Amino acid sequence: MTAHTAQQAELLWQTMFNAEQTFIGARMAFFQAVQSGDDVVPILEKALSGPSQRGMALRLLPLLDESIRRQVFPTLVELASVGHSHIQLVRDVIQSISGDWVQEHIGSEVEKILDRSLTYEEYRRLAELLDLLHSPYLRTLVQRAAQSNDLDIREVATDFSSRAQ
């Protein structure tokens, strides 16, 4: 390694360190705003709606009070219904909410999504989520998928029917 390369590496390290320190300070200030009663839900909803900020919002949500996660729950279920690079984070955040509360509210959120014409992917992602949550609502989703004219959607019903008992 040449001295020039070592200097570049040191500069990169210092840049990352400084960025992390700035991030930690900003995160602490954000948490203080939340503690002071600032309504951060609209900020989080906006962040969740765009892929560039979604990851940060999803990593921050488990650190916030569950009441905030409950407020963005409809958006989380919506995000869990499509494939994207943050789907596991979305599922993790949903699972960080009280299981009883999720079971009580998941059906109505899935029902809202089912009210529109869904693709195979949306059926599959919702089935995966409901299966992960051990939700009895999986049975309803499987029944709807089984009635579809789309062979791929009916495949979702076949794949999840044994778990929807």
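What counts as what
Residues numbered from 1 in each chain as written. Predicted model: local features only at pLDDT ≥ 70, side-chain atom pairs only at ≥ 80, totals over all residues. Heavy atoms only, no water. Helix = DSSP H or I, 4+ residues; strand = E, 2+ residues; numbered from the N terminus. Axes fitted to C-alpha atoms, helices over the stretch in contact; angles between N-to-C directions. Parallel < 35°, antiparallel > 145°, perpendicular 65-115°, else oblique. Left-handed = near helix turned anticlockwise from the far one by under 90°. Contact = heavy atoms within 4.5 Å. Nonpolar A, V, L, I, M, F, W, Y, C, P; charged D, E, K, R; others polar. pLDDT = per-residue confidence, 0-100. Buried < 20%, exposed > 50% of the residue type's maximum accessible area, 1.4 Å probe, protein only. Patch = residues over 30% accessible without salt bridge, like charges linked within 9 Å, V, L, I, M, F, W, Y side chains within 5 Å. Areas by Shrake-Rupley, 256 points an atom, 1.4 Å probe, with all protein chains shown as cover. Salt bridge = Lys/Arg side-chain N within 4 Å of Asp/Glu carboxyl O. Expected span 1.5 Å × (residues − 1). Bend = angle between axes of the 7 residues up to and from the residue.

### Looking at the environment of serine 49
Then, in step 1: Here serine 49 is to be found in helix H2 (residues 41–49).
Then, in step 2: C-alpha of serine 49 to C-alpha of alanine 19: the two residues are 30 residues apart in sequence and 25 Å apart in space.

### So, the packing of helix H5 (residues 73–80) against helix H7 (residues 99–114)
Between two packed helices, both the angle of their axes relative to each other and the distance between the axes serve to describe the pair.
Then, in step 1: Contact geometry for H5 and H7: axes closest at 10 Å, N-to-C directions at 60°. Put simply, H5 runs oblique to H7. Crossing hand, H5 versus H7: right-handed. When H5 is examined against H7, the residues Phe73, Pro74, Val77 and Glu78 are found in contact with a partner set consisting of Trp101, Val102, His105, Ile106, Glu109, Val110 and Ile113.
Then, in step 2: Here the contact of H5 with H7 is built from residues that sort into eight nonpolar, one polar and two charged.

### Quick notes on the confidence of the model for the protein chain
Then, in step 1: Overall, the prediction assigns the protein chain a mean pLDDT of 94, with 98% of residues at 70 or greater.
Then, in step 2: Mean pLDDT per element in the protein chain: helix H1 (residues 3–35) is the minimum at 93, and H5 is the maximum at 98.

### Observations regarding H5
Then, in step 1: Among the eight residues of H5, six are classified as buried, and the element is accordingly described as predominantly covered.
Then, in step 2: Taken together, the buried positions of H5 are occupied by Phe73, Thr75, Leu76, Val77, Leu79 and Ala80.
Then, in step 3: For H5, the secondary structure elements touched by its buried residues are H2, helix H3 (51–60), helix H4 (66–71), helix H6 (87–95), H7 and helix H8 (120–132).

### Considering a nonpolar patch on the surface
Then, in step 1: Together, Trp13, Met16 and Phe17 make up a nonpolar patch on the protein surface, roughly 350 Å² of accessible area in all.
Then, in step 2: Given a relative accessible area of 52%, methionine 16 falls into the exposed group.

### A few points about H7
Then, in step 1: For H7, with 16 residues, the first-to-last C-alpha span of 22 Å sits near the 22 Å given by 1.5 Å per residue.
Then, in step 2: By the largest-angle criterion, histidine 105 marks the main kink of H7, which is about 35°.
Then, in step 3: Among the residues of H7, those classed as buried are Trp101, Val102, Ile106, Gly107, Glu109, Val110, Ile113 and Leu114.
Then, in step 4: Packed against the buried residues of H7 are H4, H5, H6, H8 and helix H9 (138–146).

### Looking at the environment of phenylalanine 30
Then, in step 1: Note that phenylalanine 30 resides in helix H1.
Then, in step 2: The contact partners of phenylalanine 30, leaving out residues within four places of it in the chain, are Val40, Leu60 and Leu64.

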